[in-house]
Structures are given as C-alpha cells and as structure tokens.
Amino acid sequence: MSNYSPVFSQWGFPVEPGQPLIIAGPCSAESREQLLLTANAMRSYPVHLFRAGVWTPRSHLEAAAGTGNVALEWLQEVRQETGLKLAVEVATPQQLKEVLQADIDVLWIGARTTVNPFAVQELANALAGVDKPVLVKNPITPDLEVWFGAMERLQNKGVKKLGVILRGFVHRRPSKWRFEPEWELARKFRSEFPSLPYICDPSHIAGNASMIQDICQQAMDLDYHGLMVETHYDPSRALSDVEQQLNPEQLGELLSSLRLKPLGQPENPAEMELQSLRLEIDRIDQALLENFAARLKLSQRLGAVKKELRLLPLQSSRWNRVLQQAHEYGQQCGLSDAFIRDIFNRIRQESIRQQE
Ligand code: PEP
Ligand code: MN
C-alpha cells in the first residue's frame, strides 16, 4: 500500500499521486502577524492545508487559548494571500456555526471532544447536511469503543467526508511521549473503518520537536495518508505547545526527508500488522523499562521514609506479601512462577544495590 489517498483530491485538496496530505500551522492562532508569517514561510513546501486552533483547549484558565472569532478573519486573509486551504478545530455547535460562516475548508474534532459522547452527538446534530470534510482525532483515552461511537454518531447524521487523526493517548506512567501513539490500537480501529483516510499528528504524540521526524516516518511506514504538524514561525515565542512546534524550515526538511512508499504497491494488511505489532512490542519494552525505573525510584523514597520512622530497611513480611501478590496476579496473567520469582528477585537485588 502507498501513503497516498485519492480521497483528499476528491475533497478539493489536490495531493500529488504518491504523496501524503500535509496539514501544518501553529497550535493556536495568536495574532494576524503570527499566522501570516508562518503561512508565508511555508509556501515553498508541499503543504496542503494551514491549521490553527481558534479556540484551543487549555488546562488552565489563565493559559492562552487562541484568540476566538477574530482569528477566523486572519485565517481568511492567510487563505487569500497564500492560497492555502484552512483547517480549524470545532468543539461546540456555536464554534461550528462561526467556522462555517468563515467558510473554513476542513474541520477537525479534538481529542477532548471525541472522548465525550454528549459533545460528539451535539456536533453531529449540527453537522447534519454540512458538506465539509471532518477529521476526527482519537479520543484522549485509549478507548476503542468511544472512538467507534464517535464515528458512528457522525456517520449516522450523514457526515460523509470523514477522516481520522491519530494524536496519541493519555497514559499515567512516565513516558518518552507526551501522548502514546498506540499504533496497534489505531490499527484495530482502522480495520473497522478501512476506507477512511488516516492522518498522524506527531506533534501531540511527541510533545517535543526532536521526536517528530521519527513519528512521521513510522506513520508513513504504516501507510498513513497524511500528517498534521504543528508549525510556528518562531516556536520559542509560541503561547501554547512551545516545545513541540517546528519552524517552517524544520518542517521543510522533515517533508523532504520522508521515505515514501512507491505508488501502486499492493495493499498488504499482514505486512501492516507485522509492523504495528513490532512497534507495539517496542512500546511495551519501553514501558517495562520506565516502570522498572519508576519502581526503583519509589523504593528509594520508601527507604528514606523508613529511615525517618526508624524502621528496618528490609522487612521480610512485607516482601513476602509483595511476592505472593506477584505470583497470584502473574498466574492470572499466564506467567510462570519461575519467571515471576526471577524477575522479582532481580528487582529486589537492584533496589538493595541502589540503596547501598
Ligand atoms: C491541537 O491540535 O492543537 C489540539 C488541541 O489537539 P488535541 O485535540 O489533539 O489535543
Ligand atoms: Mn497543540
């Protein structure tokens, strides 16, 4: 399979055969100048759509959240000046109304909206009869059913030009990613909706500029049809997602270095599954290491607290309980007693070693 999807051209964004669709632009619309400077600097690169969050969701009340309606006028100016079509996130029927009035070309539904069936239903109701392409980001939590449900709600209201954006999922433990890609979960989703175009947003997966290239290449190797890359004329001055935005030159370098598959290569789901299973094993190996490190760190803290409480550093009754739990749960997980014993002995030795 190649990375190319003819759907985008049918939607009115001519993508050259064999090439992925590229959506780029800042996390948030901050000012007219920021949008124009960024868009103009991308003109020499193969970018099809200019993105900007007009009402960007932020964790904190005081955080810069996009400039709202006025940004829609700036974006129209960007389109007029550069010829780039526009993509904007919509989270509510009111925002949809504003975006349609501004004749924005592509809408996307953000991860915090997809996760909420009430919000998706309200948007789906408002989208009935709207002919714009709608790209649906994965829900912020790794829940396939919620993701399926969001697509069903939109399809049920007759939204036809649908696409999907993988932007990664929340996770609790420390991780090198801001949001885990979960390629294998995404592949399972894709097998239920095989005819949709798939876009990868490496920016929110990575959370930093340095990992974006690798994630884009993995997406291309897994036959994704497009990329959405946060790009700011000067990322250090960005008011949101500072760490993960590329500057236009970095975007250009990234795009020219992507290894794309030849057009017309026959579709091979087994090959796709092989690659995605390998990436899933890499992800789990990484999680094992992160969890070992987190466990060792906790046991060091525990050592310090015990000292404060004048308790002995090693308490065999507690350790026996830990082991017993591990054996019980390990058995439920299909792991042998010998394996559990070896692993936990190694963990114990290492935490004693670190405390010496
Ligand atoms: C964004 O694209 O800037 C954004 C807020 O996305 P997400 O919904 O993936 O967090
Ligand atoms: Mn962002």
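Residues numbered from 1 in each chain as written. Chains lettered and ligands numbered in written order. Predicted model: local features only at pLDDT ≥ 70, side-chain atom pairs only at ≥ 80, totals over all residues. Heavy atoms only, no water.

(A) Representation of the coordination of the manganese ion (ligand 2). In the first shell of the manganese ion (ligand 2), the protein supplies C27 (SG), H204 (NE2), E230 (OE) and D241 (OD), at 2.1 to 2.4 Å from the metal. Read N to C, the donor residues that coordinate the manganese ion (ligand 2) are spaced as C-x176-H-x25-E-x10-D. With C27 in the loop between β1 (21–25) and α2 (32–41) and D241 in the loop between β8 (226–230) and α11 (248–257), the pair connects residues that are 214 residues apart, well separated along the chain. (Donors = N, O, S within 2.8 Å, 3.2 Å for Na, K, Ca; no water. Helix = DSSP H or I, 4+ residues; strand = E, 2+ residues; numbered from the N terminus.)

(B) Quick look at the domain arrangement of the protein chain. One can read the domain layout of the protein chain as domain 1 (6–267) and domain 2 (271–355). For domain 1 versus domain 2, the separation of C-alpha centres amounts to 38 Å. Counting from both sides, the interface comprises 16 residues of domain 1 and, opposite them, 13 residues of domain 2. Both sides of the domain 1 and domain 2 interface together cover about 1400 Å² of buried area, and 57% of this is carbon and sulfur. At the boundary of domain 1 with domain 2, the tally comes to three salt bridges. In this structure, R283 and E182 form a salt bridge, with 3.4 Å as the shortest nitrogen-oxygen distance. The tally of links from domain 1 across to domain 2 stands at six residue pairs in polar contact (both at pLDDT 80 or more). With four residues, the top contributor of residues to the side of domain 1 that touches domain 2 is helix α8 (residues 183–192). Grouping the amino acids of the side of domain 1 that touches domain 2 by side-chain chemistry returns four nonpolar, two polar and 10 charged. (Domains from an automatic or database assignment. Contact = heavy atoms within 4.5 Å. Buried area = accessible area lost by both parts, 1.4 Å probe. Salt bridge = Lys/Arg side-chain N within 4 Å of Asp/Glu carboxyl O. Polar contact = N/O pair within 3.5 Å; in protein donor to acceptor, adjacent residues only side chain to side chain. Nonpolar A, V, L, I, M, F, W, Y, C, P; charged D, E, K, R; others polar.)

(C) Up close: the site of ligand 1. The local shell around ligand 1 consists of C27, R51, P57, E89, W108, G110, A111, R112, K137, R167, H204 and E230. In this structure, R51 approaches ligand 1 through a side-chain N or O atom, which is 2.7 Å from an oxygen atom. Between ligand 1 and H204, the relevant distance is 3.4 Å, taken from an oxygen atom to a side-chain nitrogen or oxygen of the residue. When ligand 1 sits alone it has 290 Å² of accessible area, and the protein chains cover 97% of it. Considering only residue class, the shell around ligand 1 consists of four nonpolar, two polar and six charged. (Near = heavy atom within 4 Å. Areas by Shrake-Rupley, 256 points an atom, 1.4 Å probe, with all protein chains shown as cover.)

(D) Spotlight on the side chain of Q244. Of note, Q244 is situated in the loop between β8 and α11. Of the residues examined, Q244 reaches a relative accessible area of 1% and is grouped as buried. Side-chain polar atoms of Q244 contact the side chain of R178, separated by 2.7 Å. Those residues within four positions of Q244 in sequence are excluded, and the remaining contacts are R178, S203, H204, G207, N208, A209, I212 and E230. (Buried < 20%, exposed > 50% of the residue type's maximum accessible area, 1.4 Å probe, protein only.)

(E) How the structure looks around the environment of D201. Within the fold, D201 resides in the loop between β7 (198–200) and α9 (202–206). Residues D201 and A219, 18 residues apart in the sequence, show an inter-C-alpha distance of 9.2 Å. A polar contact is formed between the side chain of D201 and the side chain of K137, at a distance of 2.8 Å. In terms of polar contacts, D201 uses its side chain to reach the backbone amide nitrogen of S203, at 2.9 Å.

(F) Main features of the sheet that holds β1. Strand order around the closed barrel formed by eight strands is β1-β2-β3-β4-β5-β6-β7-β8, with parallel pairing between neighbours. If you compare each strand with its neighbour and ignore which way they point, the axes differ by 25° on average. Pairing between strand β3 (residues 85–89) and strand β4 (residues 106–109): three bridges, direction parallel. The residue of β4 that forms the bridge with A87 is V106. (Pairing = 2+ DSSP bridges. Axes fitted to C-alpha atoms, helices over the stretch in contact; angles between N-to-C directions.)

(G) Spotlight on the pairing of β3. Within β3, four of the five residues are buried, leaving the element largely enclosed by the surrounding structure. Following the backbone out of strand β2 (residues 49–51), through helix α3 (residues 70–82) and into the adjacent parallel β3, one traces a crossover that is right-handed. On the question of chirality, the crossover connecting β3 to the parallel β4 by way of helix α4 (residues 93–101) is right-handed. (Right-handed = clockwise from strand over helix to strand, strands pointing away.)

(H) Examining a nonpolar patch on the surface more closely. Together, I284, L288, L289 and F292 make up a nonpolar patch on the protein surface, roughly 370 Å² of accessible area in all. Among the structural elements, L289 can be located in helix α12 (residues 269–308). The exposure class of L289 is exposed, given its relative accessible area of 59%. (Patch = residues over 30% accessible without salt bridge, like charges linked within 9 Å, V, L, I, M, F, W, Y side chains within 5 Å.)

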